Amino acid sequence: MRNFEDPGRSLAVARHGMAATSHPASTLTAIEILKAGGNAIDAAVAAVAVQSVVEAGSTGVGGDCFAMIAVEGSIDMRAYNGSGRTPAALTRSALRAEGVTAIERSSPHAVTVPGAVDAWCRLLSDFGRMPMAEVLQPAIAMSREGYPLTPRVAADLGLQRDLLAADPTTRATFLVEGEAPAVGSVQRQPLLADTLDAIARDGRDAFYRGAVAEDMVDYLRGLCGHHTLDDFASAAGDYVTPISTTYRGRTIYECPPNGQGVVALLILNILSRFSLSNDPLDADDLHLLLEATRLAYAARDAMVADPSVSDVAVERMLSSALADRLARSISLDRVTEPLTSFDTVEHKDTVYLCVVDRYRNAVSFINSIFSSYGSGLMAPRSGVLFHNRGQSFSLAAGHPNEVGPRKRPMHTTIPGMVAEGGRVVMPFGVMGGHYQAMGHAHLLSRLYDCGLDLQTAIDLPRLFPLPATATVEAEEAIRTRIGAELERRGFKVQPPRLAIGGAQAIRIDWERGVLIGGSDPRKDGMALGY
């Protein structure tokens, strides 16, 4: 039971349908689509399209997408990998010949062919009830008529002022006389409105062929990118089989690599070897979580890549033998040192949303442009803001994630699902780049080890060990309560630069016929049902 004297928000509770997103306009759009007769996938695509406008620093048509769909709550679910590939002409040797020693954020080499629009069109065609022309109308209207900046969006925009000022189209789109606008300022994206309108009329070909594709390719090639019209025309995602593990009697599903869902499952496998307390701020429990995370992320950086071109040892990563060995290596007295250091790059911005409809179709949906405002590069005639996902590649010869032609980078973005008793009981996700795999495990531990309700579990303070280090970013309540104890054990504890991550989830209560949702106060959004 929530303590109503504490600041915070109540659980969302409804019977017919529910959406949880990180922006209020997106959540409201999803509910309006459901009430108009659309199903969960119609609502999810409409919602993420709106977020591509109103939360442009976190997601957009120039990014990637992953989704899981459980039809009527069935555990025979479908997963879609909508992450894009590198140009066919992009090779490590070509980059070295050009003198490239690192893939920089605003380099065209950081821009893989965006996969989001393909994913939206494919999922809507295969599972939706509404035409794309109807689903995209809210996003088109907001981009053309204007939308006010919410607090978190305005804060993120302000932090990226210099990046946005460097490109003439992003500067004209997002800044006012070179400065970041304040909360409540009304912003418009007419170029993006035209692109969305074209997609609404003509589907994926309006993005991957024709004038929009020509604009994107011309712009990227003008920056010395290797992209071609054929790279865009051949873009296509894939249906993939989810991977899973069992934690405290529930089955946890994730998308397989090139995403890091396997890492979330490995963390849970390690934690399952221990008996945890019901105190979510217990020092020993958080020490175990930190160490499980550090070990699992070391395995991630060594092994997770595009499985179509690299041998990703998913079975080994999910084996009992590996979980046993890693669990035995953890000491509650001291931090584990040393851990192997790997090529890493910051992974930041994403939106996650989930929707459940009256038929209990459940959608777990994540869409990302990687860093805040991605690469900061925007195609000048179509208004497409490009992600910088290619920064995840390694330039080290022989590395599983070595850059190469038509290759997907290791992805941090991961939607999740929980099943119990033979049916799905919760779509869930946690934003925050690198943090996402740990965030999945941490949220589930708070629910199933501590017995917390969904909103309380989301609200509680977070921490995260920076990969390949013993440095821990911890929110204030954790630093105050156990920061000194973690320091005594060998961790270096410091404040995060921003609140850590953001989560959304909807629990399906099959017995009572209700939906219970939670949404992260670290973002602007909400869970809402009807």
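A. Layout of the overall build of the protein. Counting its secondary structure elements, the protein contains 20 helices and 19 strands. On C-alpha atoms alone, the protein measures out to a radius of gyration of 22 Å, which is about the 24 Å that the 2.2 N^0.38 rule sets for 530 residues. Across its three principal directions, the C-alpha atoms of the protein cover 60 × 55 × 45 Å. The burial tally for the protein puts 63% of its 530 residues in the buried class. Within the protein, residue pairs in contact and separated by at least 24 positions form 72% of the contacts whose partners lie at least 6 positions apart. As displayed, the protein has an accessible area near 18800 Å², and 50% of this comes from carbon and sulfur atoms. In the protein, 50 side chains carry a positive charge and 60 a negative one; their mean positions are 2 Å apart.

B. Summary view of the sheet that holds strand β17 (residues 502-509). In spatial order, the strands read β1-β18-β17-β13-β12-β9-β8; together these seven strands make up an open sheet with antiparallel pairing. The strands lining the two open edges of the sheet, one partner per strand, are β1 (12-14) and β8 (243-247). The sheet shows a mean angle of 20 degrees between the axes of neighbouring strands, taken without regard to direction. Pairing geometry for β8 and strand β9 (residues 250-254), over five bridges, is antiparallel. Within β9, the residue paired with Ser244 across the bridge is Tyr253. Packing against the sheet, helix α14 (residues 261-271) makes contact with β8 and β9, and its axis sits at approximately 20 degrees to β8. Where helix α18 (residues 435-448) meets the sheet, it contacts β8, β9, β12 (416-420) and β13 (423-431), and its direction lies at approximately 130 degrees from that of β13.

C. Structural detail: the environment of Arg152. Along the polypeptide, Arg152 turns up in helix α7 (residues 151-159). Classification of Arg152 as buried rests on a relative accessible area of 14%. With residues near it in sequence (within four places) discarded, Arg152 still touches Leu498, Arg522, Lys523 and Asp524.

D. Summary view of unusual backbone geometry. Positive phi values are uncommon outside glycine, yet Arg248 reaches one of about 50 degrees. For Arg248, a relative accessible area of 29% gives the class partly exposed. The backbone phi angle of Arg406 is positive, close to 45 degrees, even though this residue is not glycine. In this structure, Arg406 sits in the loop between β11 (362-370) and β12.

E. Molecular detail of the pairing of strand β4 (residues 78-82). Here β4 lies mainly inside the structure; four of its five residues are buried. Pairing analysis gives five bridges linking strand β3 (residues 64-70) to β4, with the strands arranged antiparallel. Within β4, the residue paired with Ile69 across the bridge is Arg78. Sheet topology note: the β4/strand β7 (residues 238-240) ladder contains three bridges and is antiparallel. What sits directly across from Asn81, in β7, is Asp238.

F. The arrangement of the pattern of salt bridges in detail. Enumeration over the complete set of coordinates arrives at 25 salt bridges. Measuring nitrogen to oxygen at the nearest pair gives 3.3 Å for the salt bridge that ties Asp238 to Arg85. In this pair, Asp238 is assigned in strand β7 and Arg85 in the loop between β4 and α3 (92-97), connecting sequence segments 153 residues apart. Taking relative accessible area as the criterion, Asp238 reaches 30% and is therefore assigned partly exposed. Linking Arg294 and Glu291 is a salt bridge whose minimum nitrogen-to-oxygen distance equals 2.8 Å. Here Arg294 and its partner Glu291 are both found in helix α15 (residues 283-303), three residues apart, which amounts to about one turn of the helix.

G. Here's a closer look at helix α1 (residues 24-35). For α1, which comprises 12 residues, the first-to-last C-alpha distance of 17 Å matches the rise-based estimate of 16 Å (1.5 Å per residue) to within 8%. Where α1 is concerned, the buried positions are Ala25, Ser26, Thr27, Thr29, Ala30, Ile31, Ile33 and Leu34. Count one or two residues on from α1 and you reach Gly37, which has phi positive near 105 degrees.

H. Structural detail: the packing of α14 against helix α17 (residues 320-328). Where α14 meets α17, the closest approach of the two axes is 8 Å, and the angle between their N-to-C directions is 65 degrees. Like other packed secondary-structure pairs, α14 and α17 cross with a definite hand, here right-handed. Contact residues: Leu266, Asn269 and Ile270 in α14; Leu322, Ala323, Leu326 and Ala327 in α17. Here the contact of α14 with α17 is composed, by residue class, of six nonpolar, one polar and no charged.

I. Structural context of a nonpolar patch on the surface. On the surface, Leu28, Met526 and Leu528 cluster together into a nonpolar patch covering about 220 Å² of accessible area. Within the secondary structure, Met526 is located in strand β19 (residues 526-529). What makes Met526 partly exposed here is its relative accessible area of 31%.

J. Structural detail: the packing of helix α2 (residues 40-54) against helix α4 (residues 116-127). At their nearest, the axes of α2 and α4 sit 9 Å apart, and the two run at 160 degrees to each other. In this view, α2 runs roughly antiparallel relative to α4, as classed from their interaxial angle. Here α2 and α4 pass one another in a crossing that is left-handed. Taking contact as the criterion, the partners of Ile41, Asp42, Val45, Val48, Ala49 and Ser52 in α2 are, on α4, Trp120, Leu123, Leu124 and Phe127. Looking at side-chain class alone, the contact of α2 with α4 contains eight nonpolar, one polar and one charged residues.

K. Region of the structure containing the sheet that holds strand β15 (residues 471-474). An order of β14-β15-β16 is seen for the three strands of this open sheet, with the pairing classed as mixed. Of all strands in the sheet, those bounded by a partner on one side alone are β14 (463-465) and β16 (492-494). Taking the axes of each pair of neighbouring strands and ignoring which way they run, one obtains an average angle of 25 degrees across the sheet. Bridging between β15 and β16 involves three bridges; their strand directions are parallel. Its bridge partner being in β16, Val472 is matched across the sheet by Val493. Against the sheet, helix α20 (residues 476-488) makes contact with β14, β15 and β16, and its axis sits at roughly 165 degrees relative to β16, the strand it touches most.

Conventions we followed
Residues numbered from 1 in each chain as written. Predicted model: local features only at pLDDT ≥ 70, side-chain atom pairs only at ≥ 80, totals over all residues. Heavy atoms only, no water. Helix = DSSP H or I, 4+ residues; strand = E, 2+ residues; numbered from the N terminus. Rg over C-alpha atoms; globule rule 2.2 N^0.38 Å. Buried < 20%, exposed > 50% of the residue type's maximum accessible area, 1.4 Å probe, protein only. Contact = heavy atoms within 4.5 Å. Areas by Shrake-Rupley, 256 points an atom, 1.4 Å probe, with all protein chains shown as cover. Lys, Arg positive; Asp, Glu negative; His and termini not counted. Charge placed at Lys NZ, Arg CZ, Asp CG, Glu CD. Pairing = 2+ DSSP bridges. Axes fitted to C-alpha atoms, helices over the stretch in contact; angles between N-to-C directions. Salt bridge = Lys/Arg side-chain N within 4 Å of Asp/Glu carboxyl O. Expected span 1.5 Å × (residues − 1). Left-handed = near helix turned anticlockwise from the far one by under 90°. Nonpolar A, V, L, I, M, F, W, Y, C, P; charged D, E, K, R; others polar. Patch = residues over 30% accessible without salt bridge, like charges linked within 9 Å, V, L, I, M, F, W, Y side chains within 5 Å. Parallel < 35°, antiparallel > 145°, perpendicular 65-115°, else oblique.

Honestly, it's all geometry; don't read function into it.
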